[in-house]
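# Architecture and fold: a report
Given next are the chains, with one letter for each unit.
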Protein chains: 2
Amino acid sequence: MCLDAVRSVLASLEGKRFKRLFLVSCGGSQALMMPGKFFVDKFAKTLFPQHYNSNEFIYLDPDSLDDSSIVILCSQEGKTPETVAAAAFARKKGATVITIAMVDNSPLQDAGGELFVKYGYYETADAIDTSYGVVYLLVSGIIDNQEGTGYFNEMVDSLHKIQPIIAEAKKRYEPKALDFAKRCKDAKVIYSLAAGTDYSQSYVMCNCYLMEMQWINAIPIHAGEFFHGPFEIIEENSPVIILLGSGDCRFLEERALKFCQKYTKELFIIDTSEFCFDGISKNYVGYMSTLILNNICRLYCKKIAVERNHPLDIRRYMHIVEY
Amino acid sequence: MCLDAVRSVLASLEGKRFKRLFLVSCGGSQALMMPGKFFVDKFAKTLFPQHYNSNEFIYLDPDSLDDSSIVILCSQEGKTPETVAAAAFARKKGATVITIAMVDNSPLQDAGGELFVKYGYYETADAIDTSYGVVYLLVSGIIDNQEGTGYFNEMVDSLHKIQPIIAEAKKRYEPKALDFAKRCKDAKVIYSLAAGTDYSQSYVMCNCYLMEMQWINAIPIHAGEFFHGPFEIIEENSPVIILLGSGDCRFLEERALKFCQKYTKELFIIDTSEFCFDGISKNYVGYMSTLILNNICRLYCKKIAVERNHPLDIRRYMHIVEY
């Protein structure tokens, strides 16, 4: 579904060279851009990525934002006011703007102009048609366009191959998700540790799933930063969700795991090395394993919502009060 | 004290052009580089900054890290193993490496080579001689070197002018720090909100001061992200420390403030607009106001340590157990 739309956007960019890539969004949409930003960080030699909250982007107003910049913005319903404003702001500065949303004809698409990709619903869409998939496709295609590499086709291939593994992972983690839900339903605070692209999932788990949707205090901690302060908080009964991806930064996550195995009994390990990535090119395994973590974290959240009798869509402020 | 050392480092870089600036450290030293990274983000047109935890930098191993890169690394005692390894790694890749530490002849300096700046102790040094000041001086000088701008001299001037304001702020905030300490000494979790360069201080406050040094759960929340999830956690008695800088992103912090004023009674506001920045060039006021926040946050931490009878230097894991 998305592949044609992405190809059409990339075709219209052919021959253009950009110096800077700005990935700009809010909340869960900001987090889903982190793995794409890492991909550019890792592989691009001529394109420098930056990652911003939408309002921060507008108010910082970087001097380098001009017609040599490309900006990608995402909002699920295409209505997030700050992100709509950021799209208009970027166009006014002369940047090339791509918007992505789950719906057509949104304010975001209006503000961003013709370069638009509609993505699928995360619960039902294949990996390649999710927001994560679309960002991966766009950034790999943009690098290809200006550096003559072949990342796009490998990314398409990887996204196709990860789909059955995600489906398997969701099934296999059902009992573990239920165990987490039962043991953590009364937790006062939950920690989530990860590094590299996987940190995006600790961020989503804590900020969106646990704090927003469950009103449980949750602290996302970078696994590499853990030993430089936050680990002092860990006690025997501290609930820690540790994410183990299969990418470059797995070592950092394993180091945090070893510590937690010694010092807390309430450890919840989501380990993507249990799955077989045969056929996926080595450079892409980490980026794909983050998508597994994304799906399993959502499963954990659904289970704890049932266990606590606190539906995922209850809000007390969001879209209810003025802010 | 630091100015001559910084000038000497910058002189040895004259005529060199870098594409990428990597700011690489761990914990508090990572946080102190955030404001410098923002300065480059905001003002540089040819130098693209990136900010990494030391181990993440090594394991990600960006393809663009080469002899067109400059890497700045910091470690207070110059002994942080990951940062020492990152300095050696960057040199091996052909990058230009600058190290900064509070002591001479450390493993970090050995690993980094000749470009070294020793900075002063944060409790007693003037702003220009602290780690924050040195990073500001280095990045503004590096931009000047390659873009022919005049940021360095303005930065020196701003750092001199902020010093008496910091001293005044520390005095003026004594009673507020004591009030915070008394009201929060039994808090189970504390939130800190800020945006832009000030977010570095929410990060330090939560990760280093409260979690590491006081074993109190603390959640740093980006003020722009607050409304896209985390604000749902706020209740009438939620302790929130809100940092109000005087820079580009103050609007984001003020928006979070307005919400918190309505929905929690335990609000602790540190507002730098109470101070007079006359004589400091408009572009620098925000970067300087973050230094005020840094000093006041430390004051809050000292007071709560006394109130809780939990000295700041007690650790149960750091440098005690193996990890």
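One structure accompanies this document, and this report is about it. (Residues numbered from 1 in each chain as written. Chains lettered and ligands numbered in written order. Predicted model: local features only at pLDDT ≥ 70, side-chain atom pairs only at ≥ 80, totals over all residues. Heavy atoms only, no water.)

### Some details on the side chain of Lys37 of chain B
To keep it simple, the criterion reads: Note on conventions: DSSP H or I runs of at least 4 residues are helices, E runs of at least 2 residues are strands, and numbering of each starts at the N terminus. N or O atoms closer than or at 3.5 Å make up a polar contact, with two conditions inside protein: a donor-capable atom paired with an acceptor-capable one, and, for residues adjacent in sequence, both atoms drawn from side chains. What makes two residues a contact is simply this: any of their non-hydrogen atoms within 4.5 Å.
Looking at where Lys37 of chain B falls in the secondary structure, it is placed in helix H3 (residues 34-43). Within the structure, Lys37 of chain B has its side chain in polar contact with the side chain of Gln50 of chain A (distance 3.2 Å). Non-local contacts of Lys37 of chain B, meaning those with residues more than four positions away in its chain, are made with Gln50 of chain A together with Leu23, Pro49 and His51 of chain B.

### Digging into the environment of Ser29 of chain A
Residues and elements named next belong to chain A. Within the secondary structure, Ser29 sits in helix H2 (residues 27-31). Residues Ser29 and Leu115 lie 86 residues apart in sequence; the distance between their C-alpha atoms is 18 Å. Ser29 has contacts with Cys74, Ser75 and Gln76, leaving out every residue within four places of it along the chain.

### Let's talk about the nonpolar core
Threshold: In plain words, nonpolar cores are sets of buried Ala, Val, Leu, Ile, Met, Phe, Trp, Tyr and Cys residues tied together by side-chain atoms within 4.5 Å. Buried means the residue's accessible area, taken with a 1.4 Å probe over protein chains only, is under 20% of the maximum for its type, while exposed means over 50%, and partly exposed covers the values in between.
In terms of nonpolar packing, the biggest core is built from 258 residues, with Phe57 of chain A together with Phe57 of chain B touching the most fellow members. If we ignore the near neighbours within four places in the chain, the residues touching Phe57 of chain B are Phe22, Val24, Tyr52, Pro62, Leu65, Val71, Ala86, Phe89 and Ala90 of chain B.

### Description of the interface of chain B and chain A
Rule in force here: Buried area counts how much accessible surface, traced with a 1.4 Å probe, disappears from two parts once they are put together, with both parts' losses summed. The term salt bridge refers to a side-chain nitrogen of Lys or Arg lying within 4 Å of a carboxyl oxygen of Asp or Glu. By the convention adopted, Pro, Cys, Tyr, Trp, Phe, Met, Ile, Leu, Val and Ala count as nonpolar, Lys, Arg, Asp and Glu as charged, and the other residues, Gly among them, as polar.
Across the boundary between the two partners, chain B contributes 72 residues, which contact 72 residues of chain A. Both sides together, the interface formed by chain B and chain A hides about 6300 Å², and carbon and sulfur atoms give 55% of it. The tally of links from chain B across to chain A stands at six salt bridges. A salt bridge links Glu82 of chain A to Arg255 of chain B; the nearest nitrogen and oxygen atoms lie 3.0 Å apart. Looking at which element gives the most residues to the side of chain B that touches chain A, the answer is helix H11 (residues 250-263) of chain B, with six residues. Looking at the side of chain B that touches chain A residue by residue, the class counts come to 37 nonpolar, 15 polar and 20 charged.

### Quick notes on the side chain of Glu56 of chain A
Applicable threshold: Charge convention: Lys and Arg are scored as positive, Asp and Glu as negative, and His as well as the terminal groups of each chain are ignored.
Along the chain, the position of Glu56 of chain A falls in helix H4 (residues 54-60). The side chain of Glu56 of chain A is buried and forms no salt bridge, while Lys37 of chain B, the nearest opposite charge, is found at 7.4 Å. A polar contact is formed between the side chain of Glu56 of chain A and the side chain of His222 of chain B, at a distance of 2.7 Å.

### Observations concerning the sheet that holds strand S7 (residues 217-222) of chain A
Across a sheet, paired strands are connected by hydrogen bonds in the backbone, their directions being either parallel or antiparallel. Residue and element names in this part refer to chain A. Condition: Pairs of strands are assigned from DSSP output, requiring at least two bridges between the strands. Simply put, an axis is a line fit to the C-alpha atoms, just over the touching stretch for a helix, and the angle between two N-to-C directions goes from 0 to 180 degrees.
Taken in spatial order, the four strands make up an open sheet running S7-S6-S8-S9, and their pairing is parallel. Since the sheet does not close on itself, it has two edges, and those belong to S7 and strand S9 (267-271), each with one partner. Within this sheet the neighbouring strands show an average axis-to-axis angle of 20°, counted without direction. Taken together, the five bridges between strand S8 (residues 240-244) and S9 define a ladder with parallel strand orientation. Across the sheet, residue Leu243 finds its bridge partner in S9, namely Ile270.

So far we have only geometry, and geometry alone does not tell us how the molecule works.
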